[in-house]
Amino acid sequence: MTLQWTAVAFFLYAEIALNLILCIPFISARRWRSVFSWRIWNWLTPYWNKCFFTMIMVLIVLFIDAVREVQKYSGAEPMHDVKINPNLFDNVHMKLFRAQRNLYISGFSLFLWLIMRRTVTLLNQVAVTVENSAGLQAQMDSAVKAAKQHQDDNLKLKQALLNEEKAMSAKNQVLKLDSEKLADQVKTSEEAVRKSYAEVEAMKRQAKGLAQEYDRLLTEHHQLQNVKSGDKKDQ
């Protein structure tokens, strides 16, 4: 194996190890987010995209070269040479095997490189989602507590209003009874006043009759006096 393919093989093994570590179930996304927030990653961030796309280009070039090698040693010309010279059979198949091996190494390295970047992105998104959901849950809990408090306050207010309404109803009932009593008293007073007026009118009529009787008697008395004084003069 040449130096470049040895480096690609070690890169593939490192990718497998990193992807396995990223997929460990008991390490949460928030923990990974705290790891990705280290200062060293912030320092490497400006170079990360360049390194990522550079590795993609290198792996694509190696993958295309491996595909070309596979096509080269599996084509008709090498097989024709093998038929002409049977001693080349093992050499051709060995080169074909190496080309296929290099194809798998470069292909899986390229695939795992993309998978690893996507895994890191998804872990960050999951951590952000968990943090946002925790904040939303806290807001929801506070909203539920506030709603329960408002509900309790409304129940207390309704109870107070009910008690006040009952008290007002009792007061209105008492006032109604008092007003009925006052109405009865007013009615009784009106009847008494009417009786008093009737008695006063009767007394007025009686006084008028007495005055007329007094005037008649006074007139008779004057007449009697006049008659007596005339008799004395005649004597």
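Quick notes on the rules
Residues numbered from 1 in each chain as written. Predicted model: local features only at pLDDT ≥ 70, side-chain atom pairs only at ≥ 80, totals over all residues. Heavy atoms only, no water. UniProt positions renumbered as here; feature names shortened; annotations may be inferred. Helix = DSSP H or I, 4+ residues; strand = E, 2+ residues; numbered from the N terminus. Phe/Tyr/Trp six-rings, centres within 6.5 Å; stacked < 30°, edge-to-face > 60°. Buried < 20%, exposed > 50% of the residue type's maximum accessible area, 1.4 Å probe, protein only. Lys NZ or Arg CZ within 6 Å of the ring centre and 35° of its normal. Salt bridge = Lys/Arg side-chain N within 4 Å of Asp/Glu carboxyl O.

Per an unreviewed UniProt entry, the chain goes by Endoplasmic reticulum transmembrane protein and derives from Notothenia coriiceps. UniProt's Subcellular location (unreviewed entry) comment on the chain is quoted here verbatim: "Endoplasmic reticulum membrane". Under the UniProt heading Sequence similarities (unreviewed entry), the note attached to the chain is "Belongs to the BCAP29/BCAP31 family."

A. Region of interest: the UniProt feature "transmembrane region" (unreviewed entry) in the chain. The UniProt record annotates "transmembrane region" (unreviewed entry) at residues 7-27 and 47-64. In residues 7-27, helix accounts for 76% and strand for 0%; the two terminal C-alpha atoms are 30 Å from one another.

B. Fine view of the UniProt feature "coiled-coil region" (unreviewed entry) in the chain. Under the UniProt annotation, "coiled-coil region" (unreviewed entry) lies at residues 193-227. Along residues 193-227 one finds 100% helix and 0% strand; the C-alpha atoms at either end are 50 Å apart.

C. Layout of the environment of Q100. Looking at where Q100 falls in the secondary structure, it is placed in helix α5 (residues 89-234). In this structure, the C-alpha to C-alpha distance between Q100 and E69, residues 31 residues apart in sequence, is 8.1 Å.

D. Spatial organisation of the packing of aromatic side chains. Applying the stated criterion across every chain, the model contains 4 aromatic pairs. Summarising the aromatic geometry, the rings of F11 and W113 are spaced 5.3 Å apart at their centres and angled 50° between planes, so their arrangement reads as tilted. One end of the pair, F11, is in helix α1 (residues 3-22); the other, W113, is in helix α5, with 102 residues separating them in the sequence. Among the residues examined, W113 registers a relative accessible area of 6% and is labelled buried. Joined through ring pairs, the aromatic side chains of F11, F52, F53 and W113 make up one cluster. Stacked on the ring of F52, the Lys or Arg R117 has its end atom at 4.3 Å from the ring centre.

E. Broad picture of the pattern of salt bridges. The final tally for this structure, using the stated rule, is 4 salt bridges. Among the ionic pairs, E69 bridges to R68, the shortest N-O distance being 3.0 Å. Classification of R68 as partly exposed rests on a relative accessible area of 42%. For E220, the salt bridge goes to R216, with nearest N and O atoms at 2.6 Å. Remark: R216 and E220 occur in helix α5; sequence separation between them is 4 residues, near one turn of the helix. Classification of E220 as partly exposed rests on a relative accessible area of 34%. Since its relative accessible area comes to 37%, R216 is described here as partly exposed. Connected through shared salt-bridge partners, D65, R68 and E69 make up one network.

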